[in-house]
Amino acid sequence: MRKICLLLLFVATFNLGWSQQLNDIYKKLEAIAVIDQKVMMPMRDGVKLATDIYRPKGDAKVPIVFSRTPYNFNTWGDGEMRTRGLEAAYDAVQRGYAYVVQNERGRFFSEGQWDILGTPTTDGYDAFEWMSKQSWSNGKIGVIGCSSTAEWQMAVASLNHPALAAMVAQGFGAGVGRVGEFYEQGNWFRGGAQQMLFTSWLYGTQNDAFRPTFPKDITQADLVRVQRFYDMATEMPKVDWAQALRHLPVQDIIKNVNGQKGIYEDMIRRKPNDPAWFKGGLYHDTMPMNVPAYWFVSWYDVSASPNLTLFNQMRKNPNKEIADNQYLVIAPTLHCAYKRATENTVVGERSMGDARLNYDELTWGWFDMLLKGEANDFKKNTARVKYFTMGSNTWQTSETWPPAKAVMTDYFLSSEGKANTSNGNGKLVAKIPSSDKPDAFSYDPANPVSSYGGNVCCTGNAVTGGAFDQSQMELRDDMLVYTSEPLKEGMEVSGFIESTLYLSSDVKDTDVTIKLIDVYPDGKAYNLDETIQRVRYREGYEKEVWMEKGNVYKVKLSPMSTSNFFAAGHRVRIEVAGSNFPRFERNLNTGGNNFDESVGVVAHTQIHHSKKYPSVVRLPIVKK
């Protein structure tokens with residue numbers, strides 16, 4: 001009993017601390033801002049979205065910084081997120097901006113039915129229209145946010161509202177549907193395989209069909225009053241996702257943990273080319289987007305490669321002014337963890353050294369230039385691309401991504417037919433092996449290769465993101481390991497990593513995964529990036545093509561991305577397997593739907609490497 005009382009006392013004290021911080025920042029805001037909370041902003045179909053507005057006192061017309069989110073920003077509650085929101089408002093107002101935060105339709109106090117990314121996209125357009133016509137607005141709006149607070153920006157920006165003058169999009173991958181060779185549909189897929197982060201994320205985010213709502217005729221005064229004791233937030237029971245994600249069929253995972261009934265059951269049944277992906281809030285590269293944008297990417301986020309591809313697309317915009325107003329930062333952090341960098345930033349188990357940047361200076365300089373029209377030194381002092389190189393632990397700059405001096409260099413897979421485990425004879429070599437001595441492994445969906453670290457988000461306790469020593473994982477017999485000789489000189493790899501494998505198998509369909517590794521002289525093997533390809537989609541995502549036993553198939557995997565300095569004495573390594581679970585769903589190898597299946601079969605797969613079957617990894621090596 002004494003322990004329980006002490007725990008309750010700790011929780012109460014902790015919450016009291018947050019409450020005090022909230023009260024303090026709210027008082028500071030009251031001194032400088034007009035605070036107008038729970039404004040129900042009307043959309044064109046009559047639905048009203050809950051909006052909090054903080055603007056400088058006085059009659060000046062000011063630019064607007066707008067944050068639209070599916071997350072709870074209710075002022076009155078305990079926790080770091082509430083404090084951060086008010087601090088963002090205070091920061092904006094004291095700099096001469098109005099700060100507007102709004103919930104997507106169907107979230108918390110907002111009316112309507114929620115769908116991922118807050119569709120329809122017209123809600124964003126209508127919000128711009130309403131804000132730009134307010135008496136206190138100077139007619140210019142900038143949007144800012146990370147993750148789901150950023151991902152809606154691109155599709156709405158493609159509607160080209162004249163007031164939208166600047167974007168700051170951070171960790172924005174789940175807003176990208178199809179761009180270049182990436183066909184991820186908002187990070188739902190990688191290479192046609194489901195990324196399981198959305199299963200755990202939707203458990204805590206999607207609305208139940210029977211969620212409580214307020215009456216439509218409730219007044220703003222009553223909403224302001226009742227927000228102090230109702231914030232419409234569900235409190236989801238904790239789930240052991242390391243165990244829960246193993247449930248089959250995958251379409252029933254949320255149901256199996258008694259989660260809310262929502263959109264997951266529909267989304268899990270979609271294929272990569274389902275028309276529904278092109279009707280929602282995702283941005284696709286066929287959509288025009290003519291907005292200056294500052295993009296923020298992380299090496300250990302879930303979607304660095306498609307994010308960087310989108311930046312490159314925007315740099316090719318036929319409107320030279322728009323193309324010239326695209327900037328990029330790539331940090332060595334986890335998802336949305338930019339400001340958590342310290343003098344010794346450790347991501348997983350690997351130190352990145354001092355990875356700090358003054359993000360406030362960067363973003364406010366950007367907004368001052370584009371929303372206030374200030375003739376500041378943003379362009380003079382800001383590199384087009386500022387990227388962090390791991391290994392050397394340095395910030396570098398470039399006019400392009402990849403850096404102009406990056407040269408694609410081939411590393412061919414080679415072995416004597418036994419590349420299984422790091423103790424095998426798999427090598428990465430400069431020349432194509434003359435004869436084919438294929439490596440074989442068995443992939444059993446009931447015993448998949450476990451995800452260990454990596455470029456992840458939102459999977460609860462199932463996967464911890466970042467760089468971790470893979471050396472123990474590499475002792476599994478169902479993993480092929482190919483390693484270069486120790487480097488005589490240090491080597492920077494910065495850009496997209498391309499990989500093509502030739503494989504055969506005894507099943508109609510299976511997956512192949514690959515992981516890029518930096519091997520230290522002491523044997524520690526740190527993961528840099530990883531990808532996967534569902535073999536049925538090897539010829540594109542518009543059709544499924546099955547394998548036949550005895551045939552060898554060329555499989556090109558979606559590019560990985562990194563910037564890493566392999567020091568002298570280090571080695572380059574790749575791992576090849578049939579699974580990386582639960583980062584990616586398991587392929588049950590049947591050729592069936594996968595989402596509605598509970599029983600799999602074992603795939604016996606061979607990786608071929610020869611002049612006829614040149615399995616290769618191509619690294620962008622920066623020539624100094």
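Described below are features of the structure shown in this document.

1. Concerning the nonpolar core
Next, step 1: Formed by 93 residues in total, the largest nonpolar core has its most connected members in F66, W295 and L310.
Next, step 2: Tallying contributions element by element places strand β22 (residues 491–505) first for this core, with six residues.
Next, step 3: If we skip the residues at most four places from it in the chain, W295 touches M154, M167, A169, F172, M289, L310, F311, M314, Q326, Y327, L328 and V329.
Next, step 4: Counting residues in hydrophobic clusters, the runner-up holds 36 residues, among them V65, V93, L370 and F378.

2. Remarks on the environment of P162
Next, step 1: Relative to the helices and strands, P162 resides in the loop between α4 (153–157) and β6 (164–170).
Next, step 2: Placed 36 residues apart in sequence, P162 and D126 show a C-alpha to C-alpha distance of 12 Å.

3. Overview of the pairing of strand β12 (residues 293–300)
Next, step 1: For β12, the tally of buried residues reaches eight of eight residues, placing the bulk of the element in the interior.
Next, step 2: By the bridge criterion, four bridges tie β6 to β12 in an arrangement that is parallel. From the neighbouring strand, M167 faces β12, where its bridge partner is A293.
Next, step 3: Where β12 meets strand β13 (residues 326–334), seven bridges bridge the pair, whose relative direction is parallel. Across the sheet, residue Y300 finds its bridge partner in β13, namely L334.

4. A closer look at the sheet that holds strand β3 (residues 62–69)
Next, step 1: Strands sit in the order β1-β2-β4-β3-β5-β6-β12-β13-β16-β17 across an open sheet of 10 strands; the sheet is mixed. Two strands lie at the open edges of the sheet, namely β1 (33–42) and β17 (394–398), each paired on one side alone. For this sheet the average axis-to-axis angle between neighbouring strands, irrespective of direction, equals 20°.
Next, step 2: Here helix α3 (residues 122–132) sits on the sheet in contact with β1, β2 (48–56), β3, β4 (98–103), β5 (137–146) and β6, set at roughly 140° to β5.
Next, step 3: Packing of helix α10 (residues 304–315) onto the sheet brings it into contact with β12, β13 and β16 (385–389), and relative to β12 it is tilted by some 155°.

The rules behind the values
Residues numbered from 1 in each chain as written. Predicted model: local features only at pLDDT ≥ 70, side-chain atom pairs only at ≥ 80, totals over all residues. Heavy atoms only, no water. Core = buried A, V, L, I, M, F, W, Y, C linked by side-chain atoms within 4.5 Å. Buried < 20%, exposed > 50% of the residue type's maximum accessible area, 1.4 Å probe, protein only. Helix = DSSP H or I, 4+ residues; strand = E, 2+ residues; numbered from the N terminus. Contact = heavy atoms within 4.5 Å. Pairing = 2+ DSSP bridges. Axes fitted to C-alpha atoms, helices over the stretch in contact; angles between N-to-C directions.

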